[in-house]
Amino acid sequence: MESKSLDGRSVVVTGGGTGIGAACAVLAAAEGAKVTICGRRREPLENTAAKIGEGGGAVHISTGDVTSEDDVARIIGEAVEFGAGLHGFVANAGGGGMLAPWHLQDTENFIRVLHLNVLSTMLCVKHSVKHMADAGGGSFVGMSSIAGHVTHPFFGAYTVGKAGLEEMMRNAADEYGQAQVRFNAIRPGFTETEIMEAMPREGPVVASYISQTPMHGFAQPEDIAHAARFLLSDESRWITGQMISVDGGNFLRRGPDYSSSVTRMHKPEDILPAKVS
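A brief report on the enclosed structure follows. (Residues numbered from 1 in each chain as written. Predicted model: local features only at pLDDT ≥ 70, side-chain atom pairs only at ≥ 80, totals over all residues. Heavy atoms only, no water.)

### Digging into the environment of Met196
- Locating Met196 in the fold gives a position in the loop between strand E6 (181-188) and helix H6 (204-211).
- Of the residues examined, Met196 reaches a relative accessible area of 18% and is grouped as buried.
- Along the sequence, Met196 and Ala133 sit 63 residues apart, while their C-alpha atoms lie 37 Å from each other.
- Setting aside residues no more than four positions away along its own chain, Met196 makes contact with Phe190, Thr191 and Arg201. (Helix = DSSP H or I, 4+ residues; strand = E, 2+ residues; numbered from the N terminus. Buried < 20%, exposed > 50% of the residue type's maximum accessible area, 1.4 Å probe, protein only. Contact = heavy atoms within 4.5 Å.)

### Brief notes about unusual backbone geometry
- With phi around 80°, Phe154 is a residue other than glycine that occupies positive phi space.
- If you trace the backbone, Phe154 turns up in the loop between strand E5 (138-143) and helix H5 (157-176).
- The exposure class of Phe154 is partly exposed, given its relative accessible area of 22%.
- Residues other than glycine seldom take positive phi values, yet His216 does so here, at roughly 50°.
- Turning to its location among the elements, His216 is positioned in the loop between H6 and helix H7 (221-232).
- The class for His216 is exposed, based on a relative accessible area of 51%.

### Side note on the sheet that holds strand E7 (residues 243-246)
- Here seven strands make up an open sheet; going across it, the order is E3-E2-E1-E4-E5-E6-E7 and the pairing parallel. Unpaired on one side and paired on the other, strand E3 (58-63) and E7 mark the two borders of the sheet. Direction aside, neighbouring strands of the sheet carry axes that sit 20° apart on average.
- Judged from the six bridges that link them, strand E2 (residues 34-39) and E3 form a sheet pairing that is parallel. When the bridges of E3 are listed, Gly39 appears paired with Thr63. (Pairing = 2+ DSSP bridges. Axes fitted to C-alpha atoms, helices over the stretch in contact; angles between N-to-C directions.)

### What about the nonpolar core?
- Judged by nonpolar contacts, the single largest core of 29 residues is most densely connected at Val13, Cys24, Val35, Ile37 and Ile186.
- Elements represented by at least two residues in this core include exactly strand E1 (10-14), helix H1 (19-30), E2, helix H2 (42-54), E5 and H7.
- Ranked by residues supplied to this core, first place goes to H1 with seven residues.
- Apart from the residues within four sequence positions on either side, Val35 is in contact with Val11, Val13, Ala25, Ala28, Ala29, Ala58, Val59, His60 and Phe82.
- Formed by 27 residues, the second largest nonpolar core is a distinct cluster that contains Cys38, Val72, Ala91 and Ala93. (Core = buried A, V, L, I, M, F, W, Y, C linked by side-chain atoms within 4.5 Å.)

### Thoughts on H2
- Its 13 residues place the ends of H2 18 Å apart at the C-alpha level, agreeing with the 18 Å of an ideal helix rising 1.5 Å per residue.
- Within H2, burial applies to Pro44, Leu45, Thr48, Ala49 and Ile52. Angular distribution of buried residues about the axis of H2 spans 140°; they occupy a single face of the element. Relative to its buried face, H2 has exposed residues pointing more than 90 degrees away, namely Glu43, Lys51 and Glu54.
- Considering only its buried residues, H2 is in contact with H1, E2 and E3. (Expected span 1.5 Å × (residues − 1). Arc of directions from axis to C-beta.)

### So, the packing of helix H3 (residues 69-83) against helix H4 (residues 107-134)
- Relative orientation of the contacting elements H3 and H4 amounts to 30°, with a least axis distance of 9 Å. Taken together, the axes of H3 and H4 lie roughly parallel to each other. The hand of the H3/H4 crossing is right-handed. Contacts from Glu69, Val72, Ala73, Ile76 and Val80 in H3 reach Leu123, Cys124, Lys126, His127, Ser128 and His131 in H4. (Parallel < 35°, antiparallel > 145°, perpendicular 65-115°, else oblique. Left-handed = near helix turned anticlockwise from the far one by under 90°.)

### A word on the environment of Met168
- Here Met168 is to be found in helix H5.
- Aside from chain neighbours lying at most four places away, what touches Met168 is Val118, Thr121, Met122 and Val125.

### Looking at the packing of aromatic side chains
- Evaluated as defined, the whole model comprises nine aromatic pairs.
- On the basis of an interplanar angle of 40° and a centroid distance of 4.4 Å, the ring pair of Phe190 and Phe218 is categorised as tilted. One end of the pair, Phe190, is in the loop between E6 and H6; the other, Phe218, is in the loop between H6 and H7, with 28 residues separating them in the sequence.
- Using a relative accessible area of 6% as the deciding quantity, one classes Phe190 as buried.
- Taken together, the aromatic side chains of Phe155, Tyr158, Phe190, Tyr209, Phe218 and Tyr258 make up a single cluster linked through ring pairs. (Phe/Tyr/Trp six-rings, centres within 6.5 Å; stacked < 30°, edge-to-face > 60°.)

Have a look at this one:
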């Protein structure tokens, strides 16, 4: 039988119940990995686990909050026990907040989004890297976004969080290279996940995505999962500290135009601060 690219590996995927995380988990299991999936809600995780089971893969479910250090340490401990070690990590859990210009940002929500994207990734690095080093090396994949390096007006903390995640990956790659633990990130563009289903396909926001994407279309979660599988495997053994865009070329142009959404949420006269006389 032809060997699979992740045979004998133990991999964690956070936010593994839906969208990109679920696709990453399903593909990793299909490639032979023992996959631990985690998230706050058990039902979506069970749905992903069922898909993995249908393909004959090995999966462990662990519920928890990746912004809680105790939960992250527990989840990784369970993964190490389930997979007899740890070789790969996909830090997919993250999210954004309410659209607003900077001067209308809610401070508590801003901090929440930073915790969800930056703190959670740091905790995952902190508690996984020793196990991957003990295994003789490993691969940590952070899930960034085109919003981390292409301006996305009104996205607030999400842009800062993803940029912070990318710098974390670069620094971790430098720190842990001698331990043979690699750190890279993926920058998805517009991807057809459950979160995006509520966005009208004929509306101006989606039109702005398409017009700024050279390949004119959207990614599927599986497109991102294939990049993650590559980074988890030995095929990428000499790649570290890199940010890989999977966005149909969107990074070549500019981010989406959410002005139509923002004007529904805020008074037009409040979106730009008044001039001081």
